[in-house]
Structure formats: structure tokens, C-alpha cells
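# Fold and contact review
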Amino acid sequence: CQAFPLWLGIIPEEQKKLVARKLHEAVEKAGYRLTTGNLCTLYVMDALSEHGYIEDAWKLLTREEYPSWGDMLQNDATTIWERFELKKDPTMNSHSHPMYGSVGAWLYTHLAGIQSVDSGFSKVRIQPHVPKNLTFAEAVLDTCKGQFRVKWQKQYGKLILNVTIPFGVEAQIYGPEGTQVVGSGSYVFDITGQSSR
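Below is a summary of the structure that appears in this document.

Each value, and the rule that gives it
- Residues numbered from 1 in each chain as written.
- Predicted model: local features only at pLDDT ≥ 70, side-chain atom pairs only at ≥ 80, totals over all residues.
- Heavy atoms only, no water.
- Patch = residues over 30% accessible without salt bridge, like charges linked within 9 Å, V, L, I, M, F, W, Y side chains within 5 Å.
- Areas by Shrake-Rupley, 256 points an atom, 1.4 Å probe, with all protein chains shown as cover.
- Salt bridge = Lys/Arg side-chain N within 4 Å of Asp/Glu carboxyl O.
- Helix = DSSP H or I, 4+ residues; strand = E, 2+ residues; numbered from the N terminus.
- Buried < 20%, exposed > 50% of the residue type's maximum accessible area, 1.4 Å probe, protein only.
- Expected span 1.5 Å × (residues − 1).
- Arc of directions from axis to C-beta.
- Contact = heavy atoms within 4.5 Å.
- Axes fitted to C-alpha atoms, helices over the stretch in contact; angles between N-to-C directions.
- Parallel < 35°, antiparallel > 145°, perpendicular 65-115°, else oblique.
- Left-handed = near helix turned anticlockwise from the far one by under 90°.
- Nonpolar A, V, L, I, M, F, W, Y, C, P; charged D, E, K, R; others polar.

## Concerning a nonpolar patch on the surface
A cluster of nonpolar side chains, contributed by Phe 4, Trp 7, Leu 8 and Ile 10, occupies part of the molecular surface with about 380 Å² of accessible area. Mapped onto the secondary structure, Leu 8 falls in helix α1 (residues 3-8). Residue Leu 8 is classed as partly exposed on the basis of its relative accessible area of 42%.

See the structure below:
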């Protein structure tokens, strides 16, 4: 119940930190088990990441015990199931079902940090959310404007961001020194001081 209003942006500014903390506490109390069902799983990953709790989102993503995406992988899943539990009888309607697949969008919008901020990807924000225990992430996103490429990597005590922006697109690159606006091309940024948000 905290994730959806945070995602919608309807929480008053002075209450956002409190609501985000309550979301964090609920996730922690649940032992990093997904308790959102099919309607709010997308929102919990986004809300945690955007409000400074990338570590919680990462723990949800990488959990291998039931219920989790990792449990599906442990049971040889090659698709996202309709239900978290493995059923091999008529009570499981689909072993290839998109409702829990929203995490796929989170991988490029939050982990890689590619988000459209204007219609048709004419302007984008590049703002990766970097978990402590992940050393790199890379995403290629095909859009109507062309292909975006983002790779961040922890290397020799630095956090290096490589981006490729397609022709005709303006990109806001978020880093510890503030926001840089760039046009199409390939760039390398040192974002070492960037927090997890």
C-alpha cells in the first residue's frame, strides 16, 4: 500500500521519506519476500529504488527462496510463471505469463537508469541505481529514436558510466557533480561519488 502511491507521485513532498521508510520496513519485516501480488510488484521495485532503497530492491530481485524470481530459476524456469509456486497440474494455467515480468523493465529503467522524460524518447534521463554487491550492469534498449546503450562498472575504486545516445536525443546524465546535458554520441563519465539513488 506504500509502493503504489509513491509510484503515482501523489504523496505530499513532506511525507515521502516517511512513506518510503514504511515501505522499506514492510519489505524488511517480510524477510525480503515478495508480498505484492501481481498488481504492485512493478511499483515496489520502482518505489524502493527511487527513494533510496536500492539494496532492498536488489535483495528482492536476487532472492532464491520461494516466493521469488530466483526460486523460478532454481526450478529451471526459462519464462516467468503465472504463480510463484511451481505447479505441474491444472491449477497452474501458464508457465509463460507476463504479470511478474515487470521486473524486466526495472532492469533498464532503474538498474541501468534509462528513463524517457519526454514523448518518444526525445529526452531521456540516465540515472543508474547501483547496488553495493553488483560490480557492473549493461543494457541496450531499442526505441523509436534508435538504440540506447548504458554500461556502468566498478573498477579500481571508481564507478565508470559509458553511454551511447542515438541521433536527435537529449540526455540528462545524473552524477555526483550534478546533471550534465548531452546530445547524441558516446560518452564516458566518472560517477564515483554517486549515491545509490
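Resuming the write-up.
## Some remarks on helix α2 (residues 16-29)
The terminal C-alpha atoms of α2, which comprises 14 residues, lie 20 Å apart, in line with the 20 Å expected from a rise of 1.5 Å per residue. Listed as buried for α2 are Val 19, Ala 20, Leu 23, His 24 and Val 27. Taken end-on, α2 shows its buried residues confined to a sector of 145 degrees, consistent with a single buried face. Turned more than 90 degrees away from the buried face of α2 sit Lys 17 and Lys 29, all of them exposed. Looking at the buried side of α2, the elements it contacts are α1, α3 (37-50) and α4 (54-62). Where α2 ends, the next residue or the one after it, Gly 31, has phi of about 70 degrees, a positive value.

## What to know about the packing of α3 against helix α6 (residues 103-111)
One can describe the packing of α3 onto α6 by two numbers: an axis separation of 9 Å at closest approach and a directional angle of 20 degrees. The angle between the axes of α3 and α6 places the two elements in the roughly parallel class. For the pair α3 and α6, the sense of crossing is right-handed. Mapping the contact onto sequence places Met 45, Asp 46, Ser 49 and Glu 50 in α3 and Val 103, Trp 106 and His 110 in α6. When grouped by side-chain class, the residues that make up the contact of α3 with α6 number three nonpolar, two polar and two charged.

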